[in-house]
Each structure stands twice: as structure tokens, then as C-alpha cells.
Amino acid sequence: MVHTSEERGTDGDRRVRLLEAAVDHVTAHGIADLSLRGLGAAIGVSHRMLIHYFGSKEQLLVEIVRAAERRERDTLTALRAEPGLSPADAARRLWRRLTDPRLAGQERLFFEICGRALHGRPEAAPLLDGLVADWLEPLVAAEVAAGADRATAESRARLGLATVRGLLLDLLATGDRAGVDAAMEEFLGMYYGPR
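Residues numbered from 1 in each chain as written. Predicted model: local features only at pLDDT ≥ 70, side-chain atom pairs only at ≥ 80, totals over all residues. Heavy atoms only, no water.

Caption draft 1: Structural view of the packing of aromatic side chains. Evaluated as defined, the whole model comprises four aromatic pairs. With a centroid separation of 5.1 Å and an interplanar angle of 40 degrees, the aromatic rings of F187 and Y191 are classed as tilted. Separated by four residues within a single helix, F187 and Y191 lie in helix α9 (residues 177–192), roughly one turn from each other. Among the residues examined, F187 registers a relative accessible area of 9% and is labelled buried. Both rings, one in Y191 and one in Y192, keep their centres 4.7 Å apart while their planes meet at 70 degrees; by these two values the pair is edge-to-face. Since its relative accessible area comes to 14%, Y191 is described here as buried. Among the aromatic residues, those joined into a ring-pair cluster are F187, Y191 and Y192. Over the ring of W135 we find R73, and its NZ or CZ is 5.7 Å from the ring centre. For the cation-ring pair, R156 lies above Y191, with the distance from its terminal atom to the ring centre recorded as 4.2 Å. (Phe/Tyr/Trp six-rings, centres within 6.5 Å; stacked < 30°, edge-to-face > 60°. Helix = DSSP H or I, 4+ residues; strand = E, 2+ residues; numbered from the N terminus. Buried < 20%, exposed > 50% of the residue type's maximum accessible area, 1.4 Å probe, protein only. Lys NZ or Arg CZ within 6 Å of the ring centre and 35° of its normal.)

Here it is as C-alpha cells:
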């Protein structure tokens, strides 16, 4: 069956809307006992339509992680564009957002799908594409805009990304909010200078 460009656009728009609804659902409710039937019912679509648009549950989970990551990059971009907000304070705000207990399910899903991808699961492996590079591009651009040379900006961006992800894993594993917040503040002090 041949689809017109208008039908493809509509189909693509519907996929985007379903993905956004899935991200919202997972963020609000986590992934415990998540099934395509249950997710479909929660977002108003049949599980067959989810399979049509995303292929499988695992492929949908990869897309949910990617969409959630895009949202966080968009948040960082918006924070960095806020007049009068220092880069360190933008990082603090993003950190508070990422460590909000309401996002714990989303963060767990991120690490779960990363683990599957690193084990070579074919449905999860696409997550590795852009897992680091998609974050480095805007982080490097921000560092260069702040006056860093390209090589320094790349190293600092990678270090910042690794630190945030490591501390998020620490928080999920230990529940030590005070400890990870103190570690993040220490990192920001080393990265940006004293508060």
C-alpha cells in the first residue's frame, strides 16, 4: 500500500504524540510491570498500534529513553539561554530536575536499557547511537561559547556528562540524596569555581 505524503506526515505525527504520551506515562508511573497492553490502555491506543509504530516493547522502551533524553537536553538548552542564569546555576537546576523523585522510573529505565544495549541485545543496541555524542554537541557548544578552546570543551563536556550519569546511578542505588547533592556541588565547584 502506498501512502501519500500527507498520510505519512499524519502517521509520523501520531507516532510522535504516542511517544510523548508514553514518556509522560513512564515518567509518572515507572516501568514496573509495564506491558504494551497496559501502556496502550493508559495512553488511549491498542497494543497492536504500539507494535505498528514501534515494533516491540523493547524498541518502544529505547524510543522512550531517547525522547526523555531529548527533553532533558532541551531543558538544558532553555536553562542556558535564560538571561542572568550562570552556567553553574543552570547545571544546578538541571540536577534538581534530574534527581526529582518523580523521574526515578525514567532514570531506572535509562540504565536498564543501557545495560541491555551493552549486552548486545539487538532491540536495545540502537540506544548506544548518540548516547554520548548527542549530549556532547550542546555541552561543547556551551563551553566554547563561554570561552573554552575546543579540546578543553570536549573533555569538560564528557566529564560533566559522566559525572551526572554516575551520580544518578549512585542515587538510584543508594538513595543517598544528601550525599549525591554534596558530590554534585563539589563537582560544580571544581568545574565552575566556588559558589
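Caption draft 2: Focus on the nonpolar core. Within the largest apolar cluster, 28 residues are counted, with the highest numbers of intra-cluster contacts made by L50, L60, I64 and I113. At the level of secondary structure, the elements contributing two or more residues to this core comprise α1 (5–29), α2 (36–43), α3 (47–54), α4 (57–81) and α6 (104–118). The element contributing the most residues to this core is α4, with seven residues. Apart from residues no more than four positions distant in its own chain, L50 is found in contact with L36, L39, G40, I43, V45, G55 and L60. By size, the runner-up hydrophobic cluster in this structure holds 24 residues, among which are L76, L94, F187 and Y191. (Core = buried A, V, L, I, M, F, W, Y, C linked by side-chain atoms within 4.5 Å. Contact = heavy atoms within 4.5 Å.)

Caption draft 3: Region of the structure containing the pattern of salt bridges. Using the criterion set out here, one finds 15 salt bridges in the structure. A salt bridge links R121 to E58; the shortest N-O distance between them is 3.4 Å. Within this pair, whereas R121 is found in the loop between α6 and α7 (133–145), its partner E58 is found in helix α4, the two being separated by 63 residues in sequence. Owing to a relative accessible area of 40%, R121 belongs among the partly exposed residues under this scheme. Its relative accessible area of 8% is what places E58 among the buried residues. Here the salt bridges share partners, and the residues they tie into one network are E58, E112, R116 and R121. (Salt bridge = Lys/Arg side-chain N within 4 Å of Asp/Glu carboxyl O.)

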